[in-house]
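Residue strings, one per chain:
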Amino acid sequence: MIKIGLIKEGKVPSDSRVALIPAQCKWIMQHFKDINIVVESSNTRCFSDEEYKRAGIAVVNDISDCDILMGIKEVPKDALVPNKTYLFFSHTRKKQPYNQALFHTMMDKKITLIDYECLEHEDGQRVIGFGFFAGVVGAHNGMMCYGNRTGLYKLGRVYEEKDYRSLIHQYFGLKLPNVKIVVTGSGRVAHGILEVMNLMGITEVEPDEYLEKKFTYPVYVQLKGPDLFTHKHLKTYQREHFHANPSDYRSRFLPYAHCSDILMNGIFWTEDMPRLFELSDIDEHFAIQTISDITDDAHGSIPINLGDQTIEDPVYGVDRKNFTKTAPYLPGSIDVIAVGNLPNELPCDASRYFGEQLIKHVLPDLLGSGNDMVERATILKQGQLTNHFNYLADYAAH
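Residues numbered from 1 in each chain as written. Predicted model: local features only at pLDDT ≥ 70, side-chain atom pairs only at ≥ 80, totals over all residues. Heavy atoms only, no water.

Enquirer: Explanation requested: the domain arrangement of the protein chain in the structure shown.
Expert: Frequently, the measure chosen for interface size is the accessible area removed from exposure when the parts meet. Domain boundaries in the protein chain define domain 1 (2–128 + 346–396) and domain 2 (131–345). On a C-alpha basis, the centres of domain 1 and domain 2 stand 30 Å from each other. Of the residues lining the interface, 17 residues belong to domain 1; the matching set on domain 2 comes to 19 residues. In total, domain 1 and domain 2 occlude about 1400 Å² of area from one another, counting both sides; carbon and sulfur atoms represent 50% of this. Of all residues in domain 1, the largest losses of buried area upon contact with domain 2 belong to Lys94, Leu346 and Tyr353, amounting jointly to 45% of the total for that side. Linking domain 1 to domain 2 there are 1 salt bridge. Notably, a salt bridge pairs Lys94 with Asp297, separated by 3.5 Å at the nearest N-O pair. (Domains from an automatic or database assignment. Contact = heavy atoms within 4.5 Å. Buried area = accessible area lost by both parts, 1.4 Å probe. Salt bridge = Lys/Arg side-chain N within 4 Å of Asp/Glu carboxyl O.)

Written out as structure tokens, the structure reads:
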């Protein structure tokens, strides 16, 4: 018998998402007789303790007898149970300095860490994540922010809606100006953005049309890898080569910055990749007024991402001349939305979607009856770095 515990989220600000919703826990226990699931009591989770109890799932205060512990965000250091297997988003694979102490604690406590972000298909595509709902919320917030700046329309907050279905009702009859929106990326985040663009009745156009024409109705363009980057010398784009040698490439984004009102950024970014634009590119020709940086890397692909805001207060301004943080919606600023836990605005829908992917793609492998996907996503095994993550050796050094 394998005992799985759904842990109470301890990170501040608190997160109300969960890896498996009550109905999914019930289904797993009915179909996998060698699995027992318990839930650590929480008064902040989007599904209540009572909802789990009604589904026949035990709610407990002590999960230390579980074999596998599943969370969402980073687990506080003092809450880590030694010698356990954990699944959560650790935000350590890029050597994030703010989580190095957490990483060292996991090593000291001989923890096995399986990071959701590292669960990938053979071709490197992510298996599981909240990206779609991050895209939905980020796109809504970007459109809301532009409406607030211009006063041309009004959108309410996502987290005030009961669920995704209720949110969509905000878009019925919404009259938008002839705004131009550039969307970057091709993964789950971008799919979420496009969902909102289409629900709002915004028309997709091709890149050459977007750059050359003026429109009397709202339009968006989606830019993928070949549209965004080109080899510095060969003037070509080859996906595998780009990801292996990103510093050989430069950004092709700037022409879009000169004719767009809103940027919805959904691209994956690492420090050796070119930024979409540089600070020096923000001049009188830089037309973008609102940036929703959904992938949210501070000083990353969007150099004026100056750090995270909260769900309750998601927008700040950046002065166009000295690039300091200002109040939003000022004449001389660009508005930036940068929030690290966007899916938490639709926690029930996001958790349901996440759990479906977990059951379909990860659970069999976690139980030892699938391929080696879980092994490839295991950063630490009993506190030791695995071979797949040897590049973290300097990060792991005490």
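Now that the structure has been shown, we can carry on.
Enquirer: How should the UniProt feature "active site" (unreviewed entry) in the protein chain be read in this particular structure?
Expert: In this structure's numbering, the residues bearing the UniProt feature "active site" (unreviewed entry) are Lys73 and His91. For the residues just named, distributed over 19 residues, the greatest C-alpha separation is only 8.7 Å, placing them together at one site. With respect to the secondary-structure elements, Lys73 resides in the loop between strand S4 (68–70) and strand S5 (85–88). Not counting the four nearest positions on each side in its chain, Lys73 is found in contact with Glu9, Lys11, Asp15, Arg17, Phe88, Phe89, His91, Gly340 and Asn341. Considering the arrangement of structural elements, one finds His91 in the loop between S5 and helix H3 (100–108). His91 has contacts with Lys73, Glu74, Gln96, Tyr98, Asn99, Asp115 and Glu117, leaving out every residue within four places of it along the chain. Side chain to side chain, His91 and Glu74 meet in a polar contact 3.2 Å long. (UniProt positions renumbered as here; feature names shortened; annotations may be inferred. Helix = DSSP H or I, 4+ residues; strand = E, 2+ residues; numbered from the N terminus. Polar contact = N/O pair within 3.5 Å; in protein donor to acceptor, adjacent residues only side chain to side chain.)

Enquirer: Is there a simple way to think about the sheet that holds strand S1 (residues 2–6) in this case?
Expert: Paired through backbone hydrogen bonds, the strands of a sheet run either parallel or antiparallel to each other. In space, the 8 strands of this open sheet follow the order S3-S2-S1-S4-S5-S6-S17-S18, with mixed pairing throughout. The sheet is open, and its two borders are formed by strand S3 (58–60) and strand S18 (384–385), each paired with just one other strand. Direction of pairing for strand S2 (residues 35–40) relative to S3: parallel, over a ladder of 3 bridges. When the sheet's bridge partners are listed, Glu40 is paired in S3 with Val60. (Pairing = 2+ DSSP bridges.)

Enquirer: Would you explain the pattern of salt bridges in this entry?
Expert: Working definition: two side chains of opposite charge can pair if their charged atoms are close together. Under the definition given, this model contains 14 salt bridges. The shortest N-O distance in the salt bridge between Glu50 and Lys53 comes to 3.6 Å. With Glu50 and Lys53 both in helix H2 (residues 49–54) and 3 residues apart, this pair spans about one turn of that helix. Judged by its relative accessible area of 44%, Lys53 is partly exposed. Its salt-bridge partner being Lys95, residue Asp394 comes within 3.0 Å of it at the nearest N-O pair. Of this pair, Asp394 sits in helix H13 (residues 393–396) while Lys95 is found in the loop between S5 and H3, placing the two residues 299 residues apart along the sequence. On the basis of relative accessibility, which here comes to 51%, the residue Asp394 falls in the exposed class. Each of Glu122, Asp372 and Arg376 takes part in one network of salt bridges that share partners. (Buried < 20%, exposed > 50% of the residue type's maximum accessible area, 1.4 Å probe, protein only.)

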